[in-house]
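The residues making up each chain are set out below.
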Amino acid sequence: MSSVPAGLEIRGEKARPGQLPASRGRGLFATRSFAPGQEIAVFSKPLLVLPSGPDAATVCNYCLDPRRESVKLCTGCRVVAYCGPACQRAHWSRFHKVECKALQAAFASAAETAAAMPGAVVQPLPTPVRALMLLLLQWARSPDIRAAVDRLESNTHAFIANPQLWDDFKMQAAAACKFCSWFSEEQIKTAIEALCRIHTNAFDRFDPDLFLSGSFVDVTLAMANHACMPNAVVGFAGQAAYLRAQHPIAAGDEITISYIDWTKPRAERQKALRLYNFQCSCPRCRDDLDVYQAAQLSPVLALNTDWSSSQKFFSVVPSLDLLRNPPVLRDAAHNVTPQQVEAMYATTYELFRDATLENGNQLGAMRTLYATCQPLIKAKRWAVEPLAQLVRLALLYCIDVGNYAHLLVFASFNAQHVDPYQFPVPFASWRTKGLMNIAKAIPHAMMLVMADIPLPQAAQAAREARSLGGPRADPRRVVDPRVLEVLESMTDGCLFAALLTMIMHNGPLGHSERWSPLDNARVLLAGFQAEPQHEAMKELIDDWYNDPSDPEMVEVFDELILEPLNRLSALAPDLLEKLVKQ
Ligand SMILES: C[S@@+](CC[C@H](N)C(=O)[O-])C[C@H]1O[C@@H](n2cnc3c(N)ncnc32)[C@H](O)[C@@H]1O
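Residues numbered from 1 in each chain as written. Predicted model: local features only at pLDDT ≥ 70, side-chain atom pairs only at ≥ 80, totals over all residues. Heavy atoms only, no water.

The name given to the protein chain in an unreviewed UniProt entry is Suppressor of anucleate metulae protein B, with the source organism recorded as Sporothrix curviconia.

Written as structure tokens, this is what we have:
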């Protein structure tokens, strides 16, 4: 279990149920200053860390690295998997020795239930049930753990007020108790309380590629309160969580994180926060600011051009004026009210939860979003949800159908017109991921452009061939001639190398070697640089990285990086319209 790391302290008193005026209870405070991007603390001995229920049998339960494809089930319980003996041993001594037998019993019971129903499959243990079992089984061995859990906020009174949720909790607690041999009424009551504590304090753990993958509870990190424009962010790698400053933090400042997706409209954020039993009164909620307005308040926008600090952060929107004063905010004719945005979000809400989206049903969802979001499209507020989701769906659609040239268009648009306003901090993981989408699309898109077609006729012939015969006859893969023109004219190697360089230097400090997008960037860049014909480009990008404010290098960046991205991005709205109307 973690102690309070250096540089942090917990202040305040635990809130009492029904306390008036409402109290936010304890909070996490900085005892020294932290610069944006700096790691504040690592939490490597959490109370709980586990993959989500369905992933327990397919992802290594110790390193939780989704890239490990070959995993083997524990021969004892046959419920949890490991990528190798080292992870299995480490997990055994850290967690699994207390849960293996109980999981075995849970698996046998699920198998029995499935066998009684023709065609049924064995259901994985739900994440909260396994989390609760792990907690109860650890208690039996350590009074310290029980005392630490008891100190956590439970919000029990608020959960009780929601009968449907409370019934779910009772069922989950009963299931966990059964496999932990906790049978008395008192024990079940204690288990429900513990479950409330898990729900109030657990983080949805995202894997390095930003997919949801399990739960994480640390008793110190759990003291961090929420804000919709937080000054810190939590990332995960393996068994650990990393707290990183997003804004400048001074000694004595409260450290805040966001419990929810802060890009949503206020009504949706407030709905998501109801589970935590408080009404957020942060400046963004108070004044109902959209993502563009919130970005204006961000103290880190300047990082995009300020390379004087010890760590340089790069952006594909380096113009501070564009960020501080985006043209969309000046367009009074197309003003969209927060109420309109909330109505659009509510109308399309189901789309985001629809699992079938991942199975190639993006086009239907995109058409709905396109129709619903017309006021936002007219106002060019692409970073406002749910419109931003449309851009990401277009991107996914292009991956699905293999149109990498159009993928490059949507990825560039997303990185320039969506991400920087949703995530003003240039080193935000989503921003890094967005740059990676462009970098990965480049070589695939360039394969569509023959290396030796200097003549306009040859280019024309190539275009025709692409839209007529062979595998490219699929209309979904036909490349718009305007996109081809940009691809044919750009220095793709420089763009590729510059993006990978940005990714590597914007990545989370402290655990970058464990963060797969950075790892991928490193491997791709090394491969590129190893080619003798790339020597000159390598030198140019190194020179730019070393002195990005040198006027000559600013020009290099403008011409070789920004210009092609700007030209590709400019085509996105039109391509999107064609896509949904096809
Ligand atoms: C993970 S705990 C954070 C630590 C908590 N303050 C404590 O004393 O244990 C989450 C709970 O803290 C409180 N909380 C967090 N952020 C808050 C905020 N911005 N305003 C009011 N209460 C907040 C809510 O009670 C919430 O359920």
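After that view of the structure, there is still more to cover.
A.B. asks: Could you clarify how one ought to interpret the site of the ligand in this entry?
C.D. replies: In the region of the ligand, 15 residues are neighbours, and Arg24, Arg26, Asn155, Asn225 and Tyr276 sit closest. Between the ligand and the protein, one listed contact pairs an oxygen atom with a backbone N or O atom of Arg26 at 2.8 Å. For the ligand, the protein covers 93% of the area, taking 570 Å² as the surface of the free molecule. Counting residues per element, the ones that place at least two in the shell around the ligand are helix 6 (185-201) and strand 9 (225-226). Among the residues making up the shell around the ligand, the classes are represented as 6 nonpolar, 6 polar and 3 charged. (Near = heavy atom within 4 Å. Polar contact = N/O pair within 3.5 Å; in protein donor to acceptor, adjacent residues only side chain to side chain. Areas by Shrake-Rupley, 256 points an atom, 1.4 Å probe, with all protein chains shown as cover. Helix = DSSP H or I, 4+ residues; strand = E, 2+ residues; numbered from the N terminus. Nonpolar A, V, L, I, M, F, W, Y, C, P; charged D, E, K, R; others polar.)

A.B. asks: Could you clarify how one ought to interpret the UniProt feature "domain: MYND-type" (unreviewed entry) in the protein chain in this entry?
C.D. replies: Within this structure's numbering, the places UniProt gives as "domain: MYND-type" (unreviewed entry) are residues 60-100. This span, residues 60-100, is 39% helix and 10% strand, and a straight line between its end C-alpha atoms measures 15 Å. (UniProt positions renumbered as here; feature names shortened; annotations may be inferred.)

A.B. asks: Is there a simple way to think about helix 19 (residues 481-489) in this case?
C.D. replies: An α-helix turns once every 3.6 residues. As a result, residues three or four positions apart point the same way. Every buried residue of helix 19 is listed here: Val483, Leu484, Val486 and Leu487. Projected down its long axis, helix 19 carries its buried residues within an arc of 160°, all on one side. One side-chain oxygen of the residue at the start of helix 19 lies 2.8 Å from the amide nitrogen of Arg482, identifying that residue as Asp480. (Buried < 20%, exposed > 50% of the residue type's maximum accessible area, 1.4 Å probe, protein only. Arc of directions from axis to C-beta.)

A.B. asks: Any chance you could explain the state of the cysteines here in plain terms?
C.D. replies: Linking two cysteines covalently via their sulfur atoms produces the bond known as a disulfide. For the coordinates displayed, the defined rule picks out 0 disulfides. Take Cys100: it sits in no disulfide, and the sulfur closest to it among the cysteines is that of Cys74, at 3.8 Å. Among the cysteines around Cys196, which has no disulfide bond, Cys177 carries the closest sulfur, lying 13 Å off. (Disulfide = S-S within 2.5 Å.)

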